[in-house]
Amino acid sequence: MAISLSFLSTYLLLLVASFGVLAKGLLDPHFYDKVCPQALPVIKSIVEDAIKQEGRMGASLLRLHFHDCFVNGCDGSVLLDDTDTFIGEKNAAPNVNSLRGFEVIDRIKSALYYVCRGNIVSCADIVAVAARDSVVALGGPSYKVELGRRDARTASQAAANSSIPAPTLDFSGLVSNFASHGLTIQDLVLLSGAHTLGFARCTTFRARLYNETWTLDGSLASSLKYICPSESGDGDDNLAQLDSTPVKFDMVYYDWLLQRKGLLHSDQQLYKGDGSGSDGLVKFYSQNSNAFWEDFGVAMLRMGALSPLTGTDGEIRMDCRKVN
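Residues numbered from 1 in each chain as written. Predicted model: local features only at pLDDT ≥ 70, side-chain atom pairs only at ≥ 80, totals over all residues. Heavy atoms only, no water.

The name an unreviewed UniProt entry assigns to the protein chain is Peroxidase, from the organism Rhynchospora pubera. What UniProt records for the protein chain under Subcellular location (unreviewed entry) is the sentence "Secreted". Taken verbatim from the UniProt record of the protein chain, the Function (unreviewed entry) comment is "Removal of H(2)O(2), oxidation of toxic reductants, biosynthesis and degradation of lignin, suberization, auxin catabolism, response to environmental stresses such as wounding, pathogen attack and oxidative stress." (UniProt positions renumbered as here; feature names shortened; annotations may be inferred.)

Undergrad: Can you explain helix α3 (residues 57–69)? Please cite residues and give values.
TA: For α3, spanning 13 residues, the distance from its first C-alpha to its last is 19 Å, which sits close to the expected 18 Å at 1.5 Å a residue. Within α3, 12 of the 13 residues are buried, which leaves the element mostly enclosed by the surrounding structure. (Helix = DSSP H or I, 4+ residues; strand = E, 2+ residues; numbered from the N terminus. Expected span 1.5 Å × (residues − 1). Buried < 20%, exposed > 50% of the residue type's maximum accessible area, 1.4 Å probe, protein only.)

Undergrad: Outline the packing of helix α7 (residues 171–180) against helix α8 (residues 185–192), listing residues and values.
TA: Their axes nearest at 9 Å, the elements α7 and α8 cross at an angle of 100°. The orientation of α7 relative to α8 falls into the category roughly perpendicular. Within the contact between the two elements, α7 uses F171, L174, V175 and F178 and α8 uses I185, D187, L188 and L191. Among the residues making up the contact of α7 with α8, the classes are represented as 7 nonpolar, no polar and 1 charged. (Axes fitted to C-alpha atoms, helices over the stretch in contact; angles between N-to-C directions. Parallel < 35°, antiparallel > 145°, perpendicular 65-115°, else oblique. Contact = heavy atoms within 4.5 Å. Nonpolar A, V, L, I, M, F, W, Y, C, P; charged D, E, K, R; others polar.)

Undergrad: So what about the packing of helix α9 (residues 202–211) against helix α10 (residues 218–227)? Which residues, and what values?
TA: Their axes nearest at 10 Å, the elements α9 and α10 cross at an angle of 130°. One way to sum up the angle between α9 and α10 is to call them oblique. The crossing of α9 and α10 is left-handed. On α10, the residues that touch F205, L209 and Y210 of α9 are A221, L224 and K225. In terms of residue class, the contact of α9 with α10 is built from 5 nonpolar, no polar and 1 charged. (Left-handed = near helix turned anticlockwise from the far one by under 90°.)

Undergrad: Before we move on, can you summarise the packing of aromatic side chains with the specific residues and values?
TA: Applying the stated criterion to the full structure yields 12 aromatic pairs. One cation-aromatic arrangement involves K90 over F102; the distance from NZ or CZ to the ring centre is 4.4 Å. (Phe/Tyr/Trp six-rings, centres within 6.5 Å; stacked < 30°, edge-to-face > 60°. Lys NZ or Arg CZ within 6 Å of the ring centre and 35° of its normal.)

Undergrad: Explain the nonpolar core to me, using residue names and the numbers behind them.
TA: Grouped together as the largest cluster of nonpolar side chains are 73 residues, with contacts concentrated most on L79, I105, I108, L112, Y254 and M300. In terms of residues, this core owes the most to one element, helix α5 (residues 123–137), which gives 8 residues. For I108, the residues in contact, after removing those within four places along its chain, are I43, I46, V47, I126 and A130. Counting 15 residues, the second largest nonpolar core, distinct from the first, contains C202, C228, A240 and V252. (Core = buried A, V, L, I, M, F, W, Y, C linked by side-chain atoms within 4.5 Å.)

Undergrad: Give a description of the confidence of the model for the protein chain that names residues and reports values.
TA: The share of residues in the protein chain with pLDDT of 70 or more is 92%, and the mean pLDDT across the chain is 93. The model gives residues 1–24 a pLDDT under 50, and that stretch makes 14 contacts with residues more than four places away or in other chains. (pLDDT = per-residue confidence, 0-100.)

Undergrad: A description of the state of the cysteines should follow, citing residues and the corresponding values.
TA: In the structure shown here, the tally under the stated rule is 4 disulfides. Each disulfide pairs two cysteine sulfurs, and for C36 the partner residue is C116, the sulfurs being separated by 2.0 Å. Disulfide C36 to C116: torsion about the S-S bond roughly -80°, handedness left-handed. One end of the pair, C36, is in the loop between α1 (5–25) and α2 (39–53); the other, C116, is in the loop between α4 (102–115) and α5, with 80 residues separating them in the sequence. The residues C36 and C116 share a single accessibility class, namely buried. Through a disulfide, C69 is tied to C74; the S-S separation comes to 2.0 Å. In this structure, the disulfide formed by C69 and C74 twists by about 120° around the S-S bond and is classed as right-handed. Of the two residues examined, C69 and C74, each falls in the buried class. For the protein chain, numbering the cysteines in disulfides from first to last along the sequence yields the connectivity 1-4, 2-3, 5-8, 6-7. (Disulfide = S-S within 2.5 Å.)

Undergrad: Describe in detail α5, supporting the description with residues and values.
TA: The end-to-end C-alpha distance of α5, which contains 15 residues, comes to 20 Å, matching closely the 21 Å that a straight helix rising 1.5 Å per residue would cover. Counting buried positions along α5 yields 13 of 15 residues, so the element is predominantly enclosed.

Undergrad: Report on the side chain of K90, specifying residues and quantitative values.
TA: Looking at where K90 falls in the secondary structure, it is placed in the loop between α3 and α4. In this view, K90 contacts V78, L79, L80, D81, N95, V96, F102 and R321; residues no more than four positions away in its chain are not counted.

Undergrad: Quick one: what's the story with the UniProt feature "binding site: substrate" (unreviewed entry) in the protein chain, residue by residue and with numbers?
TA: When the UniProt feature table is mapped onto this chain numbering, "binding site: substrate" (unreviewed entry) sits at P165. Setting aside residues up to four positions removed in sequence, P165 forms contacts with F70, L174, N177 and F178.

Okay, structure coming up:
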């Protein structure tokens with residue numbers, strides 16, 4: 001009997017999603033309660049201190065978790081420096097001159113070695129907890145992070161280039177990318193809500209600014225042109241905030257999408273204003289803070305359960321930047 005391609009595609013997506021659920025079952029929010037009960041308070045304290053010194057750091061630590069999980073799972077591979085045997089993820093196109101927070105992770109790792117009296121907490125778990133603590137420190141919801149990940153012994157620049165969703169993706173490309181990780185359209189809208197924090201480099205929104213004027217609010221476009229000149233190379237690293245409250249976790253990001261103020265092409269693709277795609281979800285979360293608070297945490301847990309290394313797989317790195 002012939003089986004349709006659409007059926008196979010649906011089956012494969014459900015299979016990928018089920019793997020995520022099974023992986024989550026291997027993790028436990030109480031993983032360090034007995035072996036190092038001070039682990040989570042120490043991470044929280046250092047993250048809060050880092051954000052007090054620089055508000056933007058919260059967004060950077062949150063983004064670090066995204067970029068780790070979307071490349072071969074949440075395994076701390078994004079932290080590895082290049083070696084003679086592999087080219088890591090730090091200089092991949094989505095990360096180079098952009099991904100930050102590595103020194104905060106180093107600081108946490110050193111502090112945990114002291115308070116835990118040994119090499120107990122994985123770098124992958126540090127990244128996951130630091131992301132949650134960043135959200136909370138900037139006014140967002142808390143959620144229990146599932147723990148027990150181990151660290152990868154290798155990294156792949158090629159995988160980072162192909163797996164992390166680009167800011168130039170159309171809606172269909174975003175949906176396909178998230179589905180390849182076992183994540184839904186709702187996850188896409190919720191996790192994109194993290195863009196309520198932080199800034200973006202001129203290189204990531206220049207094409208939208210000068211080529212998509214019909215979908216970008218005119219007053220915002222005018223102000224952005226002072227930050228981001230049209231010529232490539234001019235002001236490439238200049239920053240623009242992703243919404244009007246870049247160091248406060250709120251729903252303003254969704255409000256901006258409704259006003260055609262999405263900074264990145266991929267942002268505005270979530271709301272086109274014609275009732276298609278994820279328009280309904282964007283409207284819903286812009287108006288329902290409690291639902292966004294709760295559902296964002298669930299989406300973060302789903303993402304945090306992507307293909308973790310557990311048991312005897314991988315290792316617990318002494319130094320998050322290199323394998324043992």
